[in-house]
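# An overview of the molecular structure
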Amino acid sequence: MALNPAGDRIVVTGRSAGPVTIHDATDGSVLTVVEGSESAWNACWSPKGETLWTAGFDQRVQAFDGNTYEGIRNFGGVPAQVWSLASADEHSAITGDLSHRLRAWDIGYDASKWEISLGAVALRLCEFSKDASHAFVCDNAGTISDVDLVGRKVNWVAHAGGMLADLRAVDEQSLMTVGVDGTVRLISQATGQTEGENSIGTYCSHAAISSRGSFIVISTGAELLAIAPRSGALLWRHPVASDRSGLHGDARIELSHDESMFAVTSPGEPIDVYDA
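Now for a look at the structure at hand. (Residues numbered from 1 in each chain as written. Predicted model: local features only at pLDDT ≥ 70, side-chain atom pairs only at ≥ 80, totals over all residues. Heavy atoms only, no water.)

## Overview of the overall build of the chain
For clarity, the threshold we go by: Helix numbers and strand numbers start at the N terminus; a helix is a DSSP run of H or I with at least 4 residues, a strand a run of E with at least 2. With C-alpha atoms as the basis for the radius of gyration, the globule rule is written as 2.2 Å multiplied by the number of residues raised to the power 0.38. Relative accessibility decides the category of a residue: with a 1.4 Å probe and only protein chains considered, values under 20% of the type maximum give buried, values over 50% give exposed, and everything between is partly exposed. The contact criterion used is simple: two residues touch if any of their non-hydrogen atoms lie within 4.5 Å. Only the protein chains shown count as cover for residues, with accessible areas throughout obtained via the Shrake-Rupley method and a probe of 1.4 Å.
Of the regular secondary structure elements, the chain holds zero helices and 27 strands. Its C-alpha atoms give the chain a radius of gyration of 17 Å, near enough to 19 Å, the size a compact globule of 276 residues would have. Seen through its C-alpha atoms, the chain measures out along the principal axes to roughly 50 × 45 × 30 Å. Split into buried and exposed, the 276 residues of the chain put 55% on the buried side. At a minimum sequence separation of 6, the contacts of the chain that also span at least 24 residues come to 38%. Carbon and sulfur atoms make up 48% of the accessible area of the chain, which totals about 11400 Å².

Below is the structure:
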């Protein structure tokens, strides 16, 4: 699930064979179905929203027009399931997959432009630096790699102490991570060294860090909590909508870039949109 840069549309994927759907961000209603996007597990918008990228368990990477949702490029040819996906401009994206390889894609190429092997397990999360010159990639064991996208090399490797629920480049210097055990760390983007650490005091398998790192939204199943990462203070709480059984399994939490709203869903459940 991902909010577009304008904050008015949400793209939703699932592990089933069904296609990607586009939803109204005000009420979660379905606006359209993206034809040809079946079996995508990941989706993201380009920074201006002109391109919609999808990838997933069918080992395809695809690019669609971000306004008409017509197909632009079907790359295919990924020899493993894609677990993570991110875009930093209107024509390119990166993916991390089950074969622990980071791949770079460009609409002008039929196959990946380049690839690099990172670690020995699936690449669960990937995030760009603010200037898009680096990618911070975390595997399923909590090992973070800083990849120089210009030099196509690994600058440093750091261990987060366990599986991460989310990571975010919150400014030009710092990377924020939240572990499923509730540990929040600030990591130097230059060195990979931990500069600060705190516990938010609760298990959080599902979490989303705001774009500036001012709060983290987590799910406890029955409630959604916003917590200040540096102090651990509870900022607000929302009960999960009464018409659902709670957030479970592959729950998704997505924050808007301006930190004003967030959306949540679980497979087979409706989308709920909240003011932050």
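## Some details on the sheet that holds strand E20 (residues 194-199)
Hydrogen bonding along the main chain pairs the strands of a sheet, whether they run parallel or antiparallel. To keep it simple, the criterion reads: Note on pairing: DSSP must find at least two bridges between two strands before they are called paired. To get an axis, a line is fitted to the C-alpha atoms, and for a helix only the part in contact is used. The angle between two axes follows their N-to-C directions and goes from 0 to 180 degrees.
Spatial strand order, E17-E18-E19-E20: four strands in an open sheet with antiparallel pairing. Both edges of this open sheet fall to strand E17 (164-169) and E20, since each of them pairs with a single strand only. Each adjacent strand pair in this sheet contributes to an overall mean axis angle of 15°, direction not counted. Pairing geometry for strand E18 (residues 174-179) and strand E19 (residues 183-188), over five bridges, is antiparallel. The residue of E19 that forms the bridge with Val-178 is Val-184.

## Here's the deal with the layout of surface pockets
Basically, it comes down to this: Buried and open spaces are told apart on a 1 Å grid over the protein atoms alone, a cavity being a set of points where a 1.4 Å probe fits but cannot get out and a pocket being an open set with protein on both sides within 12 Å along at least five of seven lines. Residues with an atom within 4 Å of a point are the lining residues. Grid points are joined across faces, edges and corners, and a volume is the space filled by probe spheres set on the points. Note on residue categories: nonpolar means Ala, Val, Leu, Ile, Met, Phe, Trp, Tyr, Cys or Pro, charged means Asp, Glu, Lys or Arg, and polar means any other residue, Gly included.
If you add up the space inside the largest pocket, you get close to 1800 Å³. Lining the largest pocket are 49 residues, with Leu-85, Cys-126, Glu-127, Asp-166 and Glu-254 positioned closest to its centre. Mapped onto the lining of the largest pocket, the elements with two or more residues apiece are strand E1 (2-3), strand E5 (40-45), strand E9 (82-86), strand E13 (123-128), E17, strand E21 (207-209) and strand E25 (252-255). Residue composition of the lining of the largest pocket, grouped by class: 27 nonpolar, 13 polar and nine charged.

## Examining the sheet that holds strand E24 (residues 234-239)
Strand order in the open sheet formed by four strands is E21-E22-E23-E24, and the pairing between neighbours is antiparallel. The strands lining the two open edges of the sheet, one partner per strand, are E21 and E24. Direction aside, the axes of adjacent strands within the sheet are offset by 15° on average. Pairing between strand E23 (residues 223-227) and E24: five bridges, direction antiparallel. Each residue of the ladder has a partner; that of Glu-223, found in E24, is Pro-239.

## Some thoughts on the packing of aromatic side chains
Using the following cut-off: Stacked, tilted and edge-to-face pairs are distinguished by plane angle, under 30 degrees for stacked and over 60 for edge-to-face with tilted covering the rest, among Phe, Tyr and Trp rings (Trp via its six-membered ring) whose centres lie within 6.5 Å. Only when the NZ atom of a Lys or the CZ atom of an Arg is both within 6 Å of the ring centre and within 35 degrees of the ring normal do we say a charge sits over the ring.
Going through the model one piece at a time under the given rule, you end up with eight aromatic pairs. Within the aromatic cluster, the residues linked to one another by ring pairs are Phe-215, Trp-236, Phe-262 and Tyr-274. For the cation-ring pair, Arg-252 lies above Trp-41, with the distance from its terminal atom to the ring centre recorded as 3.8 Å.

## Side note on the pattern of salt bridges
The following threshold applies: The salt bridge definition used is simple: a Lys or Arg side-chain nitrogen within 4 Å of an Asp or Glu carboxyl oxygen.
With the rule as written, the count across this model stands at nine salt bridges. The residue Arg-9 makes a salt bridge to Asp-8 at a minimum N-O spacing of 3.5 Å. The exposure class assigned to Arg-9 is buried, which follows from its relative accessible area of 16%. Connected through shared salt-bridge partners, Asp-97, Arg-101, Arg-103 and Glu-115 make up one network.

## Concerning empty space enclosed by the protein
In total, this model carries one cavity of 30 Å³ or more according to the counting rule given. For the largest cavity, the calculated volume is near 30 Å³. If you go around the largest cavity, the residues you meet are Leu-118, Gly-119, Leu-123, Val-137, Asp-139, Thr-143 and Ser-145. Contributions of two or more residues to the lining of the largest cavity are made by strand E14 (134-139) and strand E15 (143-148). Looking at the lining of the largest cavity, its residues break down into three nonpolar, three polar and one charged.

## Let's talk about unusual backbone geometry
Of note in this structure, Ser-39 is not a glycine but carries a positive phi near 70°. Here Ser-39 is to be found in the loop between strand E4 (30-33) and E5. In the Ramachandran plot, Ala-132 falls in the positive-phi region, its phi being about 65° despite a non-glycine side chain. Within the element layout of this structure, Ala-132 appears in the loop between E13 and E14. Given a relative accessible area of 28%, Ala-132 falls into the partly exposed group.

## As for the environment of Arg-9
We count it as follows: Within 3.5 Å is the distance limit for a polar contact, defined as a pair of N or O atoms, with the added protein rule that one can donate a hydrogen and the other accept it, and that residues adjacent in sequence qualify only through two side-chain atoms.
Tracing the sequence through the fold places Arg-9 in strand E2 (residues 9-12). Here the alpha-carbon distance between Arg-9 and Ser-29, two residues 20 residues apart in the chain, equals 9.8 Å. With residues near it in sequence (within four places) discarded, Arg-9 still touches Ala-2, Leu-3, Asn-4, Ile-22, His-23, Ala-25, Leu-31, Trp-45, Gly-66, Asn-67 and Tyr-69. Within the structure, Arg-9 has its side chain in polar contact with the side chain of Tyr-69 (distance 2.5 Å).

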